[in-house]
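The chain contents come next:
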Amino acid sequence: MRRFAFSFLLLIAAVNLWAQPASAKYAPAPTDKALLWKVTGNDLEVPSYVYGTIHMIGRDDYFLTESAKKAFESVKHVAFEIDMEDMTDMSKMMPLMMKAFMVGDTTLKDLLTEEEYAQVSAHFQQAGLPMMFVDRIKPMFLSVLGSGEDMMSFNPNAESSMVSYEMEFMKMAQEREMDIDGLETAEFQMSMFDSIPYSVQAKMLMEAINAEGGGATDQFDEMVKLYKDQDIYAMQSMMDEEGGIAGYEDLLLVRRNRNWIPIMEEAMKQRPTFFAVGAGHLGGEEGVIALLREAGYTVEPLVD
C-alpha cells in the first residue's frame, strides 16, 4: 500500500518531464539560476518564499542552501502542490487509490497489442506486480508504479537511496509545528489524467518501459545535474527539447500554474508562506515566477 501511495507522488513528478509549457504574451521569464525566490510587494508586510523542488533525488545529491533553511525558519506556514500530510494518511489515500483504476471494464489488453501486453506483463512480473493487480490501473499511473527499483524502494520512514524534498520539508514543518496546506487537492491531480485518453496513456507506458535503463536514466541524471546547478531556465529548455504530450501541456502545467496564483496571493496576505512546488513549475513565461510578477509582485532570486 505504501508503494501505491508514494507512486502517486512520483506520478506528479513525471508531469514535469512530460509536459511542455506553452508561451505567454506577457511577463518576462526568469533566467537567474535559483531555486529560492523571495516574494514582496502588493502591500505584503513580510516576504513569502517560493522554492523549486525535485520530487525525488538521490540521497547523495540532496542539498538545501542556508538561504533556504533561513527562509523556511522565518515562516510558520508551508504550502505544497498538495497537502503532503494526506500522503501518509491511509484513510485519505484509500479513496484516492480507487481513482487509479480505469472506468468501465477497460483493461490493458484492450489498449495494447499482444506483443506489447506480453512485454508489459514481463515488466511488472519482474517488479513483483502480477497483471491481475495492474490490468485495470490507468496506464499513466503504471508508468511510474513499475519504474526503477531505487524509486520504488523509497521509504519515507527509513534510510533510503532516494529522498523526497516534499517529505523532508514536511518533516521539518512538523518538527516546528507549522501549518501545512496544498495548492490543489490530490483528487484534482488524479482527475487531470482522466482528460488524457487511455490510448495516449498506453503509448506513454510503452515508451517508459522501453526507455528504462537507457534514455530515461540519462534524462533523469541530466535533470538532477541542472537541478543542482539551480538552473531552472535550462530545466525548462530541456523539457522543451524532450517533447511532451501534444495538446495536454495546458492541462498538465500552464492551467495549474495560473490556478495557483490567487491561492498563493490569499495565503501570503494572511501570513508569510513557504511554497514548495516542482522546479518545473517556476521557469518559463507561464511559470509561477513570471505569473507572480505579472500579478504585480516583486520576485527576487536568493542564492548562497
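Above this text is the structure in question.
The text that follows walks through the structure, step by step, so that each part is easy to find. Keep in mind that this is a model prediction, so the values were computed, not measured.

If you tally the helices and strands in the protein chain, you get 15 helices and 8 strands. The 304 residues of the protein chain split such that 52% are buried. A separation of at least 24 residues holds for 83% of the contacts in the protein chain among residues at least 6 apart in sequence. Carbon and sulfur atoms form 49% of the exposed surface of the protein chain, whose accessible area is close to 13700 Å².

Any two side chains of opposite charge can pair, so long as their charged atoms come close to each other. By the definition in use, this model includes 12 salt bridges. Put simply, Asp 61 and Lys 228 hold a salt bridge, and the shortest N to O gap is 2.9 Å. In this pair, Asp 61 is assigned in the loop between strand 3 (57-58) and helix 2 (66-73) and Lys 228 in helix 12 (residues 215-228), connecting sequence segments 167 residues apart. We classify Asp 61 as partly exposed; its relative accessible area is 26%. Among the ionic contacts, a cluster of salt bridges with common partners joins Glu 81, Glu 184 and Arg 256.

Another point: helix 5 (residues 114-126). In this model, helix 5 (13 residues) spans 18 Å end to end at C-alpha, consistent with the 18 Å of a helix rising 1.5 Å per residue. Of all the positions in helix 5, only Tyr 117, Val 120, Ser 121, His 123 and Phe 124 are classed as buried. Along helix 5, the residues classed as buried sweep out an arc of 165° about the axis, all on the same side. Turned more than 90 degrees away from the buried face of helix 5 sit Glu 114, Glu 115 and Gln 126, all of them exposed. Once helix 5 finishes, Gly 128 follows within two positions and takes phi at roughly 80°, a positive value.

This paragraph deals with the nonpolar core. It is characteristic of soluble globular proteins that their nonpolar side chains tend to be buried jointly. One finds Tyr 51, Tyr 227, Phe 274 and Leu 292 to be the most contacted residues of the largest nonpolar core, which totals 84 residues. Ranked by residues supplied to this core, first place goes to helix 14 (residues 249-270) with 7 residues.

The subject of this paragraph is helix 9 (residues 165-175). Among all positions of helix 9, only Tyr 165, Glu 166, Met 167, Phe 169, Met 170 and Ala 173 are buried. Among the residues trailing helix 9, Glu 177 stands out with phi positive, at a value near 55°.

For the rest of this paragraph, the subject is the sheet that holds strand 6 (residues 179-182). The 6 strands lie next to each other as 6-4-7-2-1-8, forming an open sheet whose pairing is mixed. Sheet topology places strand 6 and strand 8 (298-302) at the edges, where each strand pairs with a single neighbour. Looking at each pair of strands side by side, their axes are set apart by 25° on average, direction ignored.

The next subject is the side chain of Gln 201. Relative to the elements of secondary structure, Gln 201 occurs in helix 11 (residues 198-211). Here Gln 201 falls in the buried class, since its relative accessible area comes to 0%. Discounting residues that sit within four places of it in the chain, Gln 201 has contacts with Lys 138, Pro 139, Met 140, Phe 193 and Ile 196.

Orientation of helix 5 relative to helix 11, taken along the N-to-C sense of each, is 55°, at an axis distance of 11 Å. When the axis of helix 5 is compared with that of helix 11, the two are oblique. In the packing of helix 5 onto helix 11, the handedness of the crossing is left-handed. On helix 11, the residues that touch Glu 116, Gln 119, Val 120, His 123 and Phe 124 of helix 5 are Leu 205, Met 206, Ile 209 and Asn 210. For the contact of helix 5 with helix 11, the class distribution of residues is 5 nonpolar, 3 polar and 1 charged.

Negative phi characterises most residues that are not glycine, and trans characterises most peptide bonds. The phi torsion at Asn 42 lies on the positive side, around 50°, for a residue other than glycine. If you trace the backbone, Asn 42 turns up in the loop between strand 1 (36-40) and strand 2 (48-53). Residue class for Asn 42 comes out partly exposed when judged on its relative accessible area of 36%. At Gln 230, a residue that is not glycine, the phi angle is positive and equals roughly 60°. With respect to the element layout, Gln 230 can be found in the loop between helix 12 and helix 13 (232-242). Looking at Gln 230, the relative accessible area reads 11%, which means it is buried.

About the cut-offs
- Residues numbered from 1 in each chain as written.
- Predicted model: local features only at pLDDT ≥ 70, side-chain atom pairs only at ≥ 80, totals over all residues.
- Heavy atoms only, no water.
- Helix = DSSP H or I, 4+ residues; strand = E, 2+ residues; numbered from the N terminus.
- Buried < 20%, exposed > 50% of the residue type's maximum accessible area, 1.4 Å probe, protein only.
- Contact = heavy atoms within 4.5 Å.
- Areas by Shrake-Rupley, 256 points an atom, 1.4 Å probe, with all protein chains shown as cover.
- Salt bridge = Lys/Arg side-chain N within 4 Å of Asp/Glu carboxyl O.
- Expected span 1.5 Å × (residues − 1).
- Arc of directions from axis to C-beta.
- Core = buried A, V, L, I, M, F, W, Y, C linked by side-chain atoms within 4.5 Å.
- Pairing = 2+ DSSP bridges.
- Axes fitted to C-alpha atoms, helices over the stretch in contact; angles between N-to-C directions.
- Parallel < 35°, antiparallel > 145°, perpendicular 65-115°, else oblique.
- Left-handed = near helix turned anticlockwise from the far one by under 90°.
- Nonpolar A, V, L, I, M, F, W, Y, C, P; charged D, E, K, R; others polar.

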